[in-house]
Amino acid sequence: GSDYVDDVPVTDGDFIYKNENKTEIIGLSEDGQKTMDLVFPERVTKISNIYIGSDSLIQTVYFINLEVEVENISFANSGVETIENLPTTLTTIPDNFLNGCYRLKTVGDTTGVITIPDYITEIGSGAFSGCTSMTTVNLNNVTSIGDYAFQGCEKLTSITWDKAETIGNGSFFGAGFTELTLPDSVTEIGGLSFFRCVNLTTININNVETVGEKSFDGCTALTDFTANKDFSVVKPETEAEAFDGLFDENATITLHIQKNSAYAEFLNNNPNSNFTVVY
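Within every chain, residues take consecutive numbers counted from 1 along the sequence as written. A pLDDT threshold of at least 70 governs which residues receive local features in this predicted model, and a stricter bar of 80 or more applies before side-chain atom pairs are shown or counted, although totals over entire chains, interfaces and linings include all residues. Side-chain metrics in this entry use all non-hydrogen atoms of the structure; hydrogen atoms and water are not considered.

Would you mind going over the overall build of the protein in detail, with residue names and values included?
Numbering of helices and strands runs from the N terminus; a helix is a DSSP stretch of H or I covering at least four residues, while a strand is a stretch of E covering at least two. Across its full length, the protein carries 2 helices and 25 strands. Overall, the C-alpha framework of the protein stretches about 75 × 35 × 25 Å when taken along its three principal axes. Contacts were defined at the residue level, with two residues in contact if any of their heavy atoms lie within 4.5 Å. Counted over contacts in the protein with a minimum sequence separation of 6, partners at least 24 positions apart contribute 30%. Residues counted as positive are Lys and Arg, residues counted as negative are Asp and Glu, and His and the chain ends are not counted. All charge positions are set by atom: Lys at NZ, Arg at CZ, Asp at CG, Glu at CD. Counting 14 positive and 40 negative side-chain charges, the protein places the averaged centre of each group 3 Å from the other.

Here it is in structure tokens:
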């Protein structure tokens, strides 16, 4: 092929085509796994069954036709570092889309930032799990963050997420935040959602009304927690008290919580000398 993008040649041999006019890609060839720059050509209207082997050399991915239809496409467990842009036909980042991409740092046109485009409103389960190089995420219009979506993103310290409403189970398990203020729009967070965020010192859950079990357990550095509403904790499967294990029992925390709230009542009945309650 003679197409070029940013002086990167597009090679027809990188793909397996369904049809002679080469408008539909149904897989990557062996050569495609060995290229460092994977460029989906402009004439292509549908891409399906793209799976990157863990021994693939691909580092940068370009979609030239942004209106291309995509189906069963995943870069999981690959060495991909940059995705230049994402098709406008995606409204969700698919489940496990970039799971285990330990080199991934950039999606979009700002180097070092994962920028989720405006037309995407949902992050699928495990979509960025294990992306251990990622530092900064801008979720723009995303309202829903799937289970374990950013699990193990240990360098993730900065997130912009003004439209977020629901945060799934384990979604930021082991993330690198030092401070966390949930947007006003978030009313529900899943179990283990910020479990083992070992650098987290300050949390404000703002308007959250429902918290999953053990959401902040393992946050050993936590010193300050604020809740602006009376919140309930989803009852665990066991017969245990739902508020048990919400925080790490060894953390020394000042809790700014609502007087007469369910959690305040629980602490009255179950005092913890590491916790200071401020109303």
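Give a description of the sheet that holds strand β25 (residues 275-278) that names residues and reports values.
The 5 strands lie next to each other as β18-β20-β22-β24-β25, forming an open sheet whose pairing is parallel. Whereas interior strands pair on both sides, the edge strands pair on one side only; in this sheet they are β18 (179-181) and β25. If you compare each strand with its neighbour and ignore which way they point, the axes differ by 10 degrees on average. Of the pairings in the sheet, the one linking β18 to strand β20 (residues 202-204) comprises 3 bridges and is parallel in character. Among the inter-strand pairings, threonine 181 is bridged to a residue of β20, identified as asparagine 204. Following DSSP output, two strands are said to pair if at least two bridges run between them. Only the contacting stretch of a helix is used when fitting its axis, a line to C-alpha atoms as for every element, and angles between N-to-C directions run 0 to 180 degrees.

Which residues make up the packing of aromatic side chains, and what values do they have?
Here a pair means two rings of Phe, Tyr or Trp (six-membered ring of Trp) with centres within 6.5 Å. Their orientation is stacked below 30 degrees between planes, edge-to-face above 60, and tilted elsewhere. Summed over all chains, the structure comprises 23 aromatic pairs. On the numbers, 6.2 Å between centres and 70 degrees between planes, the contact of phenylalanine 225 with phenylalanine 231 is edge-to-face. Of the two residues examined, phenylalanine 225 and phenylalanine 231, each falls in the buried class. Between the aromatic rings of phenylalanine 231 and phenylalanine 243, the centroid separation amounts to 6.1 Å while the plane-to-plane angle is 70 degrees, which identifies the pairing as edge-to-face. With phenylalanine 231 in the loop between β22 (224-226) and β23 (232-233) and phenylalanine 243 in the loop between β23 and β24 (253-256), the pair connects residues that are 12 residues apart, well separated along the chain. Whether a residue is buried, partly exposed or exposed follows from its accessible area with a 1.4 Å probe, protein chains only, as a fraction of its type maximum: under 20%, in between, or over 50%, in that order. Residue class for phenylalanine 231 comes out buried when judged on its relative accessible area of 4%. Phenylalanine 243 gets classed as buried once you look at its relative accessible area, which sits at 9%.

Quick one: what's the story with the environment of cysteine 131, residue by residue and with numbers?
Along the polypeptide, cysteine 131 turns up in the loop between β13 (122-123) and β14 (136-138). Expressed as a C-alpha distance, the spacing of cysteine 131 and lysine 229, which sit 98 residues apart in the sequence, is 33 Å. Cysteine 131 has contacts with Leu98, Cys101, Leu104 and Cys153, leaving out every residue within four places of it along the chain.

How would you summarise the pairing of β25 if you had to cite specific residues and measurements?
Look at any regular strand and the pattern is simple: side chains alternate between the two faces of the sheet. Here β24 pairs with β25 via 4 bridges, running parallel. Its bridge partner being in β25, histidine 256 is matched across the sheet by valine 278. We call a crossover right-handed when, viewed with both strands directed away from the observer, the connection leading from the first strand over the helix to the second proceeds clockwise. Handedness of the β-α-β unit built from β24, helix α2 (residues 262-269) and β25 comes out right-handed.

Summarise the sheet that holds strand β17 (residues 166-167); cite the residues concerned and give the values.
With respect to topology, 7 strands assemble into an open sheet ordered β10-β13-β15-β17-β19-β21-β23, the strand pairing being parallel. Taken across any chain shown, the strands that pair with only one partner, and hence form the sheet edges, are β10 (92-93) and β23. Inspection of the sheet shows β13 paired to strand β15 (residues 144-145) by 2 bridges, in the parallel sense. Opposite glutamate 122, over in β15, you have serine 144 as the bridge partner.

Explain the pattern of salt bridges residue by residue, including any values.
Throughout this description, the term salt bridge denotes a Lys or Arg side-chain nitrogen within 4 Å of a carboxyl oxygen of Asp or Glu. Within the structure shown, the criterion is met by 3 salt bridges. Across the pair glutamate 24 and lysine 18 runs a salt bridge whose closest N-O atoms are separated by 3.9 Å.

Kindly report on the environment of phenylalanine 177, identifying the contributing residues and their values.
Tracing the chain through its elements places phenylalanine 177 in the loop between β17 and β18. For phenylalanine 177, a relative accessible area of 1% gives the class buried. Linking phenylalanine 177 and asparagine 199, residues 22 residues apart in sequence, is a C-alpha distance of 6.1 Å. Not counting residues up to four positions away in its chain, the partners in contact with phenylalanine 177 are Leu156, Thr157, Ile159, Phe172, Phe194, Asn199 and Leu200.

I'd love a proper account of the nonpolar core, names of residues and values included.
When a protein is soluble and globular, its nonpolar side chains tend to lie buried together. Take the buried residues of types Ala, Val, Leu, Ile, Met, Phe, Trp, Tyr and Cys, join any two whose side-chain atoms come within 4.5 Å, and each joined set is a nonpolar core. By size, the foremost hydrophobic cluster in this structure holds 81 residues, and its most contacted members are Phe75, Phe128 and Phe150. Other than its neighbours up to four places away in sequence, phenylalanine 75 contacts Leu38, Phe40, Ile50, Ile52, Val61, Phe63, Val80, Ile83, Phe97, Leu98 and Cys101.

Can you explain unusual backbone geometry? Please cite residues and give values.
Although it is not a glycine, asparagine 140 sits at a positive phi angle of roughly 45 degrees. On the secondary structure map, asparagine 140 appears in the loop between β14 and β15. The phi dihedral of leucine 192 falls on the positive side, at around 60 degrees, and the residue is not glycine. Mapped onto the fold, leucine 192 is located in the loop between β19 (188-189) and β20. Since its relative accessible area comes to 23%, leucine 192 is described here as partly exposed.

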